[in-house]
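Now for the letters of each chain:
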Amino acid sequence: MVTIEYIKAHYLQLLTLLQQEVSLNQSAQPFLDYVLLYENKFSGTSTTADVQQLREFLRGANRFADEFSFSDRHGGQIRALIKSLYDLLDTAIS
């Protein structure tokens, strides 16, 4: 079973990458701001409803990410972490 701590660690890794990306590419700031909106949710996910809400958020984040040109240095990792988080949450409610 996937633990809350494991999901939170992936989310924090995504935040770190996005902060590094913003330091190189200020145009990614709106995406970082969007991801930060759910910071509290990722640290306290405990119910199926919370997990489903986070999955919906990540679906939206994945579509929103398509609007940005991330650097070669971070872009692939950012997209992979979004997918990984979605898969982890999918496992959490299975």
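K.L.:
Break down the pattern of salt bridges for me, with residues and values.
P.N.:
Using the criterion set out here, one finds five salt bridges in the structure. Note that Lys-41 is salt-bridged to Asp-50, the shortest N-O span being 4.0 Å. Take Lys-41: its relative accessible area is 33%, and that puts it in the partly exposed class.

K.L.:
Lay out the nonpolar core in plain terms, naming residues and giving numbers.
P.N.:
If you look at the biggest cluster of nonpolar residues, it comprises 29 residues, and the most contacted ones within it are Phe-31 and Phe-42. Each residue touching Phe-42, except ones within four places of it in the same chain, is listed here: Ile-4, Ile-7, Lys-8, Tyr-11, Leu-54, Phe-57, Leu-58, Leu-85 and Leu-89.

K.L.:
Kindly report on helix H2 (residues 29–36), identifying the contributing residues and their values.
P.N.:
For H2, the complete set of buried residues consists of Phe-31, Leu-32 and Val-35. Down the axis of H2, the buried side of the element spans an arc of 100 degrees, and every buried residue falls inside it.

K.L.:
Which residues make up the packing of aromatic side chains, and what values go with them?
P.N.:
Tallying each qualifying case throughout the model produces ten aromatic pairs. Relative to Phe-57, the ring of Tyr-34 lies with its centre 5.2 Å away and its plane at 35 degrees, an arrangement referred to as tilted. You can see Tyr-34 sitting in helix H2 and its partner Phe-57 sitting in helix H4 (residues 48–65), a full 23 residues away along the chain. For Phe-57, a relative accessible area of 3% puts it in the buried group. Here the aromatic rings of Phe-64 and Phe-68 are separated by 5.0 Å at their centres, their planes lie at 85 degrees, and the arrangement is edge-to-face. Given the relative accessible area of 22%, Phe-64 is considered partly exposed.

K.L.:
How would you summarise the packing of helix H1 (residues 4–24) against H2 if you had to cite specific residues and measurements?
P.N.:
Contact geometry for H1 and H2: axes closest at 9 Å, N-to-C directions at 160 degrees. As far as their axial angle goes, H2 and H1 are roughly antiparallel. Relative to H2, the crossing made by H1 is left-handed. Where H1 approaches H2, its residues Tyr-11, Leu-14, Leu-15, Leu-18, Gln-19 and Val-22 are matched on the opposing element by Gln-29, Phe-31, Leu-32, Val-35 and Leu-36.

K.L.:
Residues and numbers for the side chain of His-10, please.
P.N.:
Following the sequence through the fold, His-10 ends up in helix H1. In contact with His-10, not counting residues within four places along its chain, are Leu-81, Ser-84, Leu-85 and Leu-88.

K.L.:
Which residues make up the environment of Ser-71, and what are the values?
P.N.:
Inspection of the secondary structure puts Ser-71 in the loop between H4 and helix H5 (75–93). A sequence separation of 47 residues divides Ser-71 from Leu-24, and the C-alpha atoms of the two residues are 7.9 Å apart. Polar contacts involving the side chain of Ser-71 include one to the side chain of Glu-21, which spans 2.6 Å.

Cut-offs used in this document
Residues numbered from 1 in each chain as written. Predicted model: local features only at pLDDT ≥ 70, side-chain atom pairs only at ≥ 80, totals over all residues. Heavy atoms only, no water. Salt bridge = Lys/Arg side-chain N within 4 Å of Asp/Glu carboxyl O. Buried < 20%, exposed > 50% of the residue type's maximum accessible area, 1.4 Å probe, protein only. Core = buried A, V, L, I, M, F, W, Y, C linked by side-chain atoms within 4.5 Å. Contact = heavy atoms within 4.5 Å. Helix = DSSP H or I, 4+ residues; strand = E, 2+ residues; numbered from the N terminus. Arc of directions from axis to C-beta. Phe/Tyr/Trp six-rings, centres within 6.5 Å; stacked < 30°, edge-to-face > 60°. Axes fitted to C-alpha atoms, helices over the stretch in contact; angles between N-to-C directions. Parallel < 35°, antiparallel > 145°, perpendicular 65-115°, else oblique. Left-handed = near helix turned anticlockwise from the far one by under 90°. Polar contact = N/O pair within 3.5 Å; in protein donor to acceptor, adjacent residues only side chain to side chain.

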